[in-house]
Structures are given as C-alpha cells and as structure tokens.
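Take a look at the letters that make up each chain.
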Amino acid sequence: MIDKKVQIGDKKFTLGVFNDEGKLLNAVRSLRKKEVNIFDCYTPFPVHHLDKEMGIKRTNLTVIAFICGALGTTTGFSLAYYMNVLDWPMIIGGKPMDVTVFTSFIPIMFELTVLFTAFGMVIAFFTRSSMIHGFKQDILDLRQTDDLMLLAIEVNEDQPISDDEIKSIINNEGALEIRERGQALEVTY
Amino acid sequence: MYQAEIRKPLVTGGKSYADVTNDICRPIENKPSSSWWLGFSVALVLLLVLIGTLGWTTWEGIGTWGVNKTVMWGWDITNFVFWIGIGHAGTLISAILLLFRQKWRMSINRSAEAMTIFAVLCAAVFPLFHMGRVWLGYWPLPLPNAFGSLWVNFNSPLLWDVFAISTYFSVSLVFWYLGLIPDIATVRDRAKSKGRKFWYGFFAMGWNGSARTWARYEVVALILAGISTPLVLSVHTIVSFDFATSVIPGWHTTIFPPYFVAGAIFSGFGMVLTLLLVARHVMGYQDYITSEHLEAMCKVILLTGSIVGLAYITEFVIAAYSGYEYEQYAFMNRMFGPYAWAYWTMMTCNLIAPQVFWSKWARTTPWFIFIISIIVNIGMWFERFVIIVTSLHRDFLPSSWVMYKPTWVEAGIFAGTLGLFFTLFFLFAKFLPVINMSEVKTIIKDKE
C-alpha cells in the first residue's frame, strides 16, 4: 500500500520556495502546461485545488470508509442476533425474542457502523500516507509546517524541459528562492 | 471568490502565517504564567477531592450517597447527563458546522473538541461508580460470559448507552487527534530541546504537509464530520431513551430525544463560552476569537435555549392534555411540589435568561456573556436534576414517596469531576495549540 515513489528518500530536487498559495498554484499550473512532472508540494495548510492542479487523483479512502461501515453494521447485527436470539434468548414479560426484535438492535448497529468507519478510515489514511512510526520522515525545510510553501520537482531525465527552464518558470511565478537539494533534511527521533 | 464588503474578517489584526504560528505556539513554548499555575493548582486540589470521594464510595459502598429505594438515580445520573450534554457542543462545532461550511468554527473547534473529550471522561465516572462494584465495570460489555450463559440485553437502552458513549468518546478522540497532527508537526519543527522534538515528533507521526496527504486528509475530515453528525445526535437521543423508554410519569414522553439534543447543545455552548471567554482573555487571543465568534455562539444559545423552553412548555401542555392523572400530577409536583425551587431555577436560567441575546449589546459584551454562560450551565444542571429527582421521588405509590438529599460524598464527586475537567483543560492549554493553526491559516485572508 505504501508507495515508495512518493517518498523523498535521497532523490535530487529542484525546490521552489513560496510564501503565497496563489503564486504556488500559478507556478504549478505553468509547469503542468509544459507537462513537467511535479513530485510534490509541501504546505503548512491545505491549499484548495492544489491537488487537482498537480494532477493527483481523488483518494479512494471513501470506499474503505464504506466497506468498514458495512462491516460495522453487520457486526452489530450479528453480535445482537447471536447473543440474544441464538445463544441465549432472554424472555422478558413473555415477549418473543427472535428476529422481530430487530428494531431494538438498530442503535448498536448504528454505533458500530460509525465506530468501524472512523477507525477503519483513519487507519487506512495513516497507512496510505505512510504515517507509521518507524519510518524515517522526510522534511525539506523546517518552515514548511510554519509559513512557507515548497514546490518539489525531481531532477531526472524524464522531465520534458531542462532544469534551467523549470527554474526560470518557478522564478517568474514569484518564488522567494530556488534551491537544489540532493538529500532530505533528516529529522530523526 | 467574491465576498461582500458587509462581511467582517474572521481573524483581525492583519496576521501573517508566521504571526499565527508565533501567537499560538507562545503558551506552549514559554513557561506557564502565574494565573495558569493558580488555576491548575485549584483544579488539582479538586481532582484530589474526586479521588478521595470515589475511594470512599468504593471502600464503603453506595450507602455513602443520598440515593435510596425510590430515588435510585440522584446526583450521579444528573451529573452524568450534565457532562455528556456539555460534550455535544464540541462535536457540533467541529462536525456540523464543518458540513454547513461555517468558517468561524475554525478558531474555536480545537478547544471545543478538547472540552468534549474531557466532559465525556467526567461523565463516564458516574455510571461506572454507581454500579457499586467498579471493578466489575466491564460487565456491560458483550464479552463471553464466564459467570453463566447470560449475555448482555440488547433491548436495553442502558446497553445502547454503553455503545453510544464509548463510540462517541473514541470517535471524538480520533477526530481531535487527526486535527491536531499538522499542528503538532508545527510545534515539532520549532522545538529546540531534545525531549520536545521526540514527543511532538512522536505524536506528529511524521507529518510533512505533502499535498497528497492534505488531499486525503481533507476527505477523511469530511467523512469523519459526516459520521460524527448523526453520531452526536444519536448519543443524546440514546441518553434520553434511558428515561423515555421507562414507564415513570415525567420520563415517558416522546419529545425527549429532540429536547435532550437541543438541551445538550445549549448547555455545551454555555460551557464553551465560559471556557473560551477566560482563555481568550488570559492568552490574549482576541484577534482569533473575535466578538463575531462570541456573537455567533450567543445566537446558537438563543436558538437552542428557545427550543428547550418550547419543549418545557410542550411537555407540560401534553401532560395536561393527556388525561393521565399520574403524568399530570408529575408536572404539577414539579411546579408546586417540594422541589419547585429547582423547577423555577431551571425555567429562569434556561427559558428566560438566554432571551437577553436578542440584544446585540448582550451578544457582544464579553463580561455579560460570561455571566449568562454561567447561568446557562447552572440552569442545565438543574434541568437534569428536575427531570430525574422530581419524577422519581413521587411516583405511583404514595407510601414510597420520599425526599432526596445529596450527601457530602456526592457533592465531592461532582466538584471532583469539575477538577478532573479543568486539570485536563489546563494541561491541554499548556501542551497543545488551543487554536487550530493550519485551519486558521486558510482563513486569515477570508471573511465570515
């Protein structure tokens, strides 16, 4: 599930440093027009439409949420049905204890649906984003969680235009500075 | 996006992204102030009271409480419902207002969610210790039963409550933690000492603000908000089922679920305002929690307070109309019986007091809002007391009519849960960013 291709590791990057999300979006747009492959952007807050501009597909975590939710509903029903109908029916006031009391299982089925959805989806999110302890984490600049936005483009032969052209595009879009980085700033704990 | 000039900015003071980080990280990175120490010490003393009174209850038994055969639920369940209700505002702000795209929630959702989690913890104390033998507190769980063939009863609203409250607690905790991750990463990247780097690094889970992660993160937050919304409505609905599915006059009414949910949000906003008005003043966050925020919250109080007031009157009218003399007596007894003082306190605090928020001056004057918020807290505590104690103390059989008086142990436990709540809140204010930095950064250029 963990995509090694999106991890920084020791890849070589051209980095554009921005302090305005509008400029970052424009830079991404211009680079995508030239079909430059953008590795990733790092921002201290969610920038709207950035994922679409970068060409990131919408996540399918919602499918996982649905599956987990369905599992929760089934678990809730099976738990109640097995315990109160199959294994040991509790006859209170001579009332029947069979599938017709289904309605009183609904609250627990609902709660377990919510519980399973929430946990299943969050665990899937952590896994998909490789936010698991033990992984060495890659940060390119300490201020990327504070007030700066980074645009990272991998330096390799697959890019349609040269590195200097990429740099000039980033520069024209109003980057604060342009850096090159051969190695991630390692933060180890 | 076009925004009309009439809209006021959500964050004042012309803050830059770095200003937001500096302002909100300040209390975490500096030594706590003397007012923090004072508040924390008082809370800690009350927490010791909780430990003491709960210890005494466990050692000696429920006989140390004032509850008896007729009034088997007294202060304990009153406090339980009170605390659960308080929690509801947090989820309303973080989930329901997210779905409604109310951007003003962004600077208050973090502390309101923290409040939810701490309030649910306080609430859990009461049913657990009311069981009498707290070490058997795991019995309501559907575990393979080693003591016979009997399982838990899935027809019982008390069991629904077990599931509802544990789900509510864990889902709120996950939602809160998920929101905290980007901010913990910010604190991690500013940390100087090794200890801070380790701990904030540990809890940040390697967050680096990648656009891919943000895209997923927003979807996860939206789905969590989507499922938390029916969850929060279900929790207080199920709490109200504890009463409504019984046959006790005064409890056996179909209006309970919506009435309890509105009451929960009403009381929760009362507590949110109490806490935020103090925090905003002490921490100097007037630019983030502006008078626009206070006004919006006062409007919610006005709305939910009026719904609650309407419910009180509806309940009374339906009882009068029902032609069922026990139900009619229950309501006459509430109004004119020995606990009438509690009923009229409730009516004054919940029905009359919030109506002052029709005035704009009242909605924007912090000291005045603070007083009303305290009145709302008191009123909502009395609402639960009235529902529980006045309905129980005189039921069908006059020979079993009694009065209920709490003992010092019950009073101590209630004061103690206030201690637990505030101890946790003070620790939260010291170690975690009380305002959601990453969300506030998206709205500093925005208007409401």
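Criteria and thresholds
- Residues numbered from 1 in each chain as written.
- Chains lettered and ligands numbered in written order.
- Predicted model: local features only at pLDDT ≥ 70, side-chain atom pairs only at ≥ 80, totals over all residues.
- Heavy atoms only, no water.
- Helix = DSSP H or I, 4+ residues; strand = E, 2+ residues; numbered from the N terminus.
- Rg over C-alpha atoms; globule rule 2.2 N^0.38 Å.
- Buried < 20%, exposed > 50% of the residue type's maximum accessible area, 1.4 Å probe, protein only.
- Contact = heavy atoms within 4.5 Å.
- Buried area = accessible area lost by both parts, 1.4 Å probe.
- Salt bridge = Lys/Arg side-chain N within 4 Å of Asp/Glu carboxyl O.
- Polar contact = N/O pair within 3.5 Å; in protein donor to acceptor, adjacent residues only side chain to side chain.
- Nonpolar A, V, L, I, M, F, W, Y, C, P; charged D, E, K, R; others polar.
- pLDDT = per-residue confidence, 0-100.
- Phe/Tyr/Trp six-rings, centres within 6.5 Å; stacked < 30°, edge-to-face > 60°.
- Lys NZ or Arg CZ within 6 Å of the ring centre and 35° of its normal.
- Disulfide = S-S within 2.5 Å.
- Patch = residues over 30% accessible without salt bridge, like charges linked within 9 Å, V, L, I, M, F, W, Y side chains within 5 Å.
- Areas by Shrake-Rupley, 256 points an atom, 1.4 Å probe, with all protein chains shown as cover.
- Axes fitted to C-alpha atoms, helices over the stretch in contact; angles between N-to-C directions.
- Parallel < 35°, antiparallel > 145°, perpendicular 65-115°, else oblique.
- Left-handed = near helix turned anticlockwise from the far one by under 90°.

K.L.:
Sorry, what's going on with the overall build of chain A here?
P.N.:
A count of helices and strands for chain A gives five helices and six strands. When the helices and strands of chain A are placed in sequence order, the string is β-α-β-α-α-α-β-β-α-β-β. For chain A, whose C-alpha radius of gyration is 25 Å, the value lies well above the compact-globule estimate of 16 Å for 189 residues. With respect to the three principal axes, the spread of C-alpha positions in chain A is 85 × 35 × 30 Å. The 189 residues of chain A split such that 47% are buried.

K.L.:
I would appreciate a short explanation of the interface of chain B and chain A in the present structure.
P.N.:
Many descriptions give the size of an interface as the accessible area lost when the pieces come together. Contact with chain B, which involves 59 residues of that partner, is made by 64 residues of chain A. Interface area, chain B with chain A, both sides summed: about 5600 Å², of which 71% is carbon and sulfur. One can count one salt bridge joining chain B with chain A. The salt bridge involving B:Arg212 is made with A:Asp40; its shortest N-O contact spans 3.4 Å. Linking chain B with chain A are 20 residue pairs in polar contact (both at pLDDT 80 or more). Only α1 (17-29), α5 (157-190), α6 (194-204), α7 (211-244) and α15 (437-443) of chain B provide two or more residues apiece to the side of chain B that touches chain A. Among the elements that make up the side of chain B that touches chain A, the one with the highest residue count is α7(B) (17 residues). Residues that form the side of chain B that touches chain A fall into these classes: 34 nonpolar, 16 polar and nine charged.

K.L.:
In this structure, what is going on with the confidence of the model for chain B? I would like to understand it.
P.N.:
Should the pLDDT be low somewhere, the predicted coordinates at that spot are not to be read in detail. Scored by pLDDT, chain B comes out at a mean of 90, with 97% of its residues at no less than 70. ipTM for the predicted complex: 0.91, alongside a pTM of 0.92.

K.L.:
Teacher, can you tell me more about the packing of aromatic side chains here?
P.N.:
The geometry of two aromatic rings is summed up by the distance between their centres and the angle between their planes. Residue and element names in this part refer to chain B. Overall, the coordinates contain 59 aromatic pairs over all chains when judged by the stated rule. Ring centres of phenylalanine 243 and tryptophan 251 lie 4.8 Å apart, and the angle between their planes is 85°; this geometry places the pair in the edge-to-face category. Each member of the pair phenylalanine 243 and tryptophan 251 is classed as buried. The ring of phenylalanine 331 has arginine 334 sitting right over it, with the charged end atom 4.7 Å from the ring centre. Positioned above the aromatic ring of phenylalanine 431 is the side chain of lysine 430, whose terminal nitrogen or guanidinium carbon lies 5.4 Å from the ring centre.

K.L.:
Sorry if this is basic, but what is going on with unusual backbone geometry here?
P.N.:
Trans is the prevailing form of peptide bonds, just as negative phi is the prevailing case for residues other than glycine. Of note in this structure, A:Glu35 is not a glycine but carries a positive phi near 60°. If you trace the backbone, A:Glu35 turns up in the loop between α1 (21-33) and β2 (40-42). You will see that B:Arg101, though not glycine, has its phi angle at about 55°, which is positive. When you line up the elements, B:Arg101 lands in the loop between α3 (75-99) and α4 (109-130). Given a relative accessible area of 73%, B:Arg101 falls into the exposed group.

K.L.:
In this structure, what is going on with the state of the cysteines? I would like to understand it.
P.N.:
Working definition of a disulfide: a covalent bond connecting the sulfur atoms of two cysteines. Residue and element names in this part refer to chain B. By the definition in use, this model includes zero disulfides over all chains. Lacking any disulfide linkage, cysteine 298 is separated from the closest cysteine sulfur, that of cysteine 349, by 16 Å. Judged by its relative accessible area of 0%, cysteine 298 falls in the buried class.

K.L.:
Before we go on, may I ask you to explain a nonpolar patch on the surface in this structure?
P.N.:
Nonpolar side chains collect at one region of the surface, where B:Val247, B:Tyr324, B:Tyr326, B:Phe396 and B:Leu397 lie side by side and expose about 480 Å² of accessible area between them. Among the secondary structure elements, B:Leu397 is positioned in the loop between α13 (366-393) and α14 (408-431).

K.L.:
Explain the packing of helix α9 (residues 291-322) of chain B against helix α10 (residues 325-336) of chain B to me, please; I cannot follow it from the model alone.
P.N.:
Packed helix pairs are specified by the crossing angle of their axes together with the interaxial distance, meaning the distance between the axes. Residues and elements named next belong to chain B. Where α9 meets α10, the axes come as close as 8 Å, and the angle between the chain directions of the two elements is 135°. Taken together, the axis directions place α9 and α10 in an arrangement best described as oblique. Crossing of α9 over α10 shows left-handed handedness. Contacts between α9 and α10 involve Glu315, Phe316, Ala319, Ala320 and Ser322 on the former and, on the latter, Glu327, Gln328, Phe331, Met332, Arg334 and Met335. Each residue belonging to the contact of α9 with α10 can be placed in one class, and the counts come to six nonpolar, two polar and three charged.

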